[in-house]
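Here is what each chain is made of, one letter per residue.
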Amino acid sequence: MLKNLKKLREEKGVSQKQLADVVSVSQQSINKYENHNIEPDIGTLIKMADYFDTSVDYIIGHSKIRRKIEVVSSYDLNIEEAKLVESYRNLSNKQRKSIGLLFIQ
């Protein structure tokens, strides 16, 4: 069941046909994925996650975290630092790039 597929597609402003072309399936398949009639194979799920810059877990509704899962290093953070990191992780890619321009050289 792809709980968030239709939501992601509509937010990005793409049609079922456009998404189908990107992930190499038919428009009818996208419709069936969105209406819970069939489920895609893992390769198609990965293509969708890459296209929407999210995780397979988010698309299928297994996680509420929209950002792509990435490798992170552990640090000893105080509460304020941890909140800043969490806030940063919730930013869009565009917002992250803006922050990077200000602080990272």
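The preceding data block contains the structure.
Residues numbered from 1 in each chain as written. Predicted model: local features only at pLDDT ≥ 70, side-chain atom pairs only at ≥ 80, totals over all residues. Heavy atoms only, no water.

1. As for the overall build of the protein
Right, on to step 1. Helices and strands together make up the secondary structure of the protein, namely seven helices and zero strands.
Right, on to step 2. Computed over its C-alpha atoms, the radius of gyration of the protein comes to 16 Å, more than 25% above the 13 Å expected for a compact globule of 105 residues.
Right, on to step 3. Across its three principal axes, the protein shows a C-alpha extent of roughly 50 × 25 × 20 Å.
Right, on to step 4. A buried classification covers 26% of the 105 residues belonging to the protein. (Helix = DSSP H or I, 4+ residues; strand = E, 2+ residues; numbered from the N terminus. Rg over C-alpha atoms; globule rule 2.2 N^0.38 Å. Buried < 20%, exposed > 50% of the residue type's maximum accessible area, 1.4 Å probe, protein only.)

2. Let's talk about helix α3 (residues 27–34)
Right, on to step 1. For α3, the full list of buried residues reads S29, I30, Y33 and E34. Angular distribution of buried residues about the axis of α3 spans 135°; they occupy a single face of the element.
Right, on to step 2. Turning to α3, the residues buried within the fold contact α1 (5–12), α2 (16–23) and α4 (42–52).
Right, on to step 3. One or two positions beyond α3, positive phi appears at H36, with a value near 65°. (Arc of directions from axis to C-beta. Contact = heavy atoms within 4.5 Å.)

3. Structural notes on the packing of α2 against α4
Right, on to step 1. For the pair α2 and α4, the least separation of the axes is 9 Å and the interaxial angle reads 115°. With respect to α4, the axis of α2 lies roughly perpendicular. Note that α2 runs across α4; the crossing there is right-handed. Contacts between α2 and α4 involve L19, V22 and V23 on the former and, on the latter, T44, K47, M48, Y51 and F52. (Axes fitted to C-alpha atoms, helices over the stretch in contact; angles between N-to-C directions. Parallel < 35°, antiparallel > 145°, perpendicular 65-115°, else oblique. Left-handed = near helix turned anticlockwise from the far one by under 90°.)

4. A closer look at the packing of α2 against α3
Right, on to step 1. α3 packs onto α2 with a crossing angle of 105° between their chain directions and a minimal axis gap of 8 Å. Judged by the angle between their axes, α2 and α3 are roughly perpendicular. Between α2 and α3, the residues in contact are Q16, K17, L19, A20 and V23 and Q27, I30, N31 and E34, respectively.
Right, on to step 2. Taken together, the residues that form the contact of α2 with α3 break down as four nonpolar, three polar and two charged. (Nonpolar A, V, L, I, M, F, W, Y, C, P; charged D, E, K, R; others polar.)

5. Looking at unusual backbone geometry
Right, on to step 1. Residue S24 is not a glycine yet carries a positive backbone phi of 60°.
Right, on to step 2. Looking at where S24 falls in the secondary structure, it is placed in the loop between α2 and α3.
Right, on to step 3. In this structure, H36 is a non-glycine residue whose phi angle is positive, near 65°.
Right, on to step 4. Tracing the sequence through the fold places H36 in the loop between α3 and α4.
Right, on to step 5. The partly exposed category is assigned to H36, whose relative accessible area is 44%.

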